[in-house]
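In case you want the letters, here they are:
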Amino acid sequence: MSEIVVLGLGTNKVFGTLSCKDLLKEACRALSFVLDDIKESPVYRTKPMYVNDQPDFFNMVVSGTYEKSAYDLLFEIHKIEESLGRNRAKEIRFGQRSLDIDIEIFGSQEICSESLQIPHPRLLERAFVLLPLVDLISENEVIIPNANKYISALSKIGINGAEKLGEL
């Protein structure tokens, strides 16, 4: 059975000749081979959270359906991140990275293990995920359980200086 998934994508570090927006494009292209019926949100420029002394991030979400397990999806997105320059062993937690892909929502599943937490544990505090997610919900592009919870969370935390840049 396939599940509707929402992935958060972020980048604030170029990789080779690829700009941050190019990295998001390449990630979406790669994800189109992993997810069915993929939909992309607009891109937002956002201030960093947790570690402030770094460049702004470019963030978006994608949604689609996925046939396998959440752990299989985690493996797939780690391969995509690595192919686009991510080296977890050499980065500072919450610091600069060429690409970060998080599983935000995986159907109505709740998973809490050492390697995976779904829904993402910081989803409701992150305008950089909620803004593009609410865009997809508002445009009726993605139907997810408890959609009003995400809309309400965004109204509580605000946009935190995020700037909508538009489609890729």
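No experiment lies behind these values; they were computed from the predicted model shown.

Peer 1: Would you mind showing me how to read the overall build of the chain here?
Peer 2: Along the backbone of the chain there are 4 helices and 8 strands. The N-to-C order of helical and strand elements in the chain reads β-α-β-β-β-α-β-β-β-α-α-β. Its C-alpha atoms give the chain a radius of gyration of 15 Å, near enough to 15 Å, the size a compact globule of 168 residues would have. Dimensions along the principal axes, computed over C-alpha positions, put the chain at roughly 40 × 35 × 30 Å. Counting the 168 residues in the chain, one finds 48% classified as buried. Residue pairs in contact within the chain that sit at least 24 positions apart in sequence constitute 70% of those at least 6 positions apart. Total accessible area computed for the chain in this model is approximately 8600 Å², and 50% of it derives from carbon and sulfur atoms. Averaging the locations of the 19 positively and 25 negatively charged side chains of the chain gives two centres separated by 5 Å.

Peer 1: What exactly am I supposed to notice about a negative patch on the surface here?
Peer 2: On the surface, Glu 40, Glu 139, Glu 141 and Glu 167 cluster together to form a negatively charged patch. Checked against the element boundaries, Glu 40 lands in strand β2 (residues 36-40).

Peer 1: So what exactly am I meant to see when it comes to the packing of aromatic side chains here?
Peer 2: Centre distance and the angle of the planes are the two values used to describe a pair of aromatic rings. Scanning the model with the defined rule gives 1 aromatic pair in all. Judged by centre distance (6.3 Å) and plane angle (75 degrees), the rings of Tyr 66 and Phe 106 are edge-to-face. Of this pair, Tyr 66 sits in strand β4 (residues 57-66) while Phe 106 sits in strand β5 (residues 100-106), and the two are 40 residues apart along the sequence. Residue Tyr 66 is classed as buried on the basis of its relative accessible area, which comes to 4%.

Peer 1: Looking at this structure, how should I read the packing of helix α3 (residues 127-138) against helix α4 (residues 147-157)?
Peer 2: Across the interface, α3 lies against α4 with an axial gap of 9 Å and an inter-helix angle of 130 degrees. When the axes of α3 and α4 are compared, the pair comes out oblique. Handedness of the α3/α4 crossing: left-handed. Residues Ala 127, Leu 130, Leu 131, Leu 133, Val 134 and Ile 137 of α3 form the contact with α4, whose participating residues are Ala 147, Tyr 150, Ile 151, Ala 153, Leu 154 and Ile 157. A breakdown of the residues in the contact of α3 with α4 according to their chemical character gives 12 nonpolar, no polar and no charged.

Peer 1: Which parts of the structure should I look at to understand the confidence of the model for the chain?
Peer 2: Should the pLDDT be low somewhere, the predicted coordinates at that spot are not to be read in detail. Mean pLDDT over the chain stands at 91; residues scoring 70 or higher make up 100%. By mean pLDDT, α4 is the weakest element of the chain at 90, and helix α1 (residues 20-31) is the strongest at 98.

Peer 1: Which parts of the structure should I look at to understand the pairing of β5?
Peer 2: Note on strand geometry: in a regular strand, side chains alternate between the two faces of the sheet. A large share of β5 lies buried, amounting to 7 of its 7 residues. Across 6 bridges, strand β1 (residues 3-11) lies against β5 in antiparallel orientation. Looking at the pairing, Leu 9 lines up with Ile 101 of β5.

Peer 1: Looking at this structure, I do not really get the pattern of salt bridges. What am I missing?
Peer 2: Overall, the coordinates contain 11 salt bridges when judged by the stated rule. Salt bridges sharing common partners tie together Glu 81, Arg 86, Arg 88, Arg 97 and Asp 100.

Peer 1: Can you walk me through the layout of surface pockets in this structure?
Peer 2: Gaps left between atoms show up when a probe the size of a water molecule is rolled over them. Roughly 760 Å³ of internal volume is contained in the largest pocket. Contributing elements (two or more residues each) for the lining of the largest pocket: β1, β4, α2 (70-83), β5 and α3. Broken down by element, the lining of the largest pocket gets its largest block of residues, 5 residues, from β5. Partitioning the lining of the largest pocket into residue classes produces 15 nonpolar, 9 polar and 12 charged. A volume near 190 Å³ is recorded for the second largest pocket. If you go around the second largest pocket, you meet 14 residues; those closest to its centre are Lys 13, Lys 90, Glu 91, Gln 96 and Arg 97.

What counts, and at which threshold
- Residues numbered from 1 in each chain as written.
- Predicted model: local features only at pLDDT ≥ 70, side-chain atom pairs only at ≥ 80, totals over all residues.
- Heavy atoms only, no water.
- Helix = DSSP H or I, 4+ residues; strand = E, 2+ residues; numbered from the N terminus.
- Rg over C-alpha atoms; globule rule 2.2 N^0.38 Å.
- Buried < 20%, exposed > 50% of the residue type's maximum accessible area, 1.4 Å probe, protein only.
- Contact = heavy atoms within 4.5 Å.
- Areas by Shrake-Rupley, 256 points an atom, 1.4 Å probe, with all protein chains shown as cover.
- Lys, Arg positive; Asp, Glu negative; His and termini not counted.
- Charge placed at Lys NZ, Arg CZ, Asp CG, Glu CD.
- Patch = residues over 30% accessible without salt bridge, like charges linked within 9 Å, V, L, I, M, F, W, Y side chains within 5 Å.
- Salt bridge = Lys/Arg side-chain N within 4 Å of Asp/Glu carboxyl O.
- Phe/Tyr/Trp six-rings, centres within 6.5 Å; stacked < 30°, edge-to-face > 60°.
- Axes fitted to C-alpha atoms, helices over the stretch in contact; angles between N-to-C directions.
- Parallel < 35°, antiparallel > 145°, perpendicular 65-115°, else oblique.
- Left-handed = near helix turned anticlockwise from the far one by under 90°.
- Nonpolar A, V, L, I, M, F, W, Y, C, P; charged D, E, K, R; others polar.
- pLDDT = per-residue confidence, 0-100.
- Pairing = 2+ DSSP bridges.
- 1 Å grid on protein atoms, 1.4 Å probe; cavity = no way out; pocket = protein on both sides within 12 Å on 5 of 7 lines; lining within 4 Å.
- Points joined across faces, edges and corners; volume = space filled by probe spheres on them.

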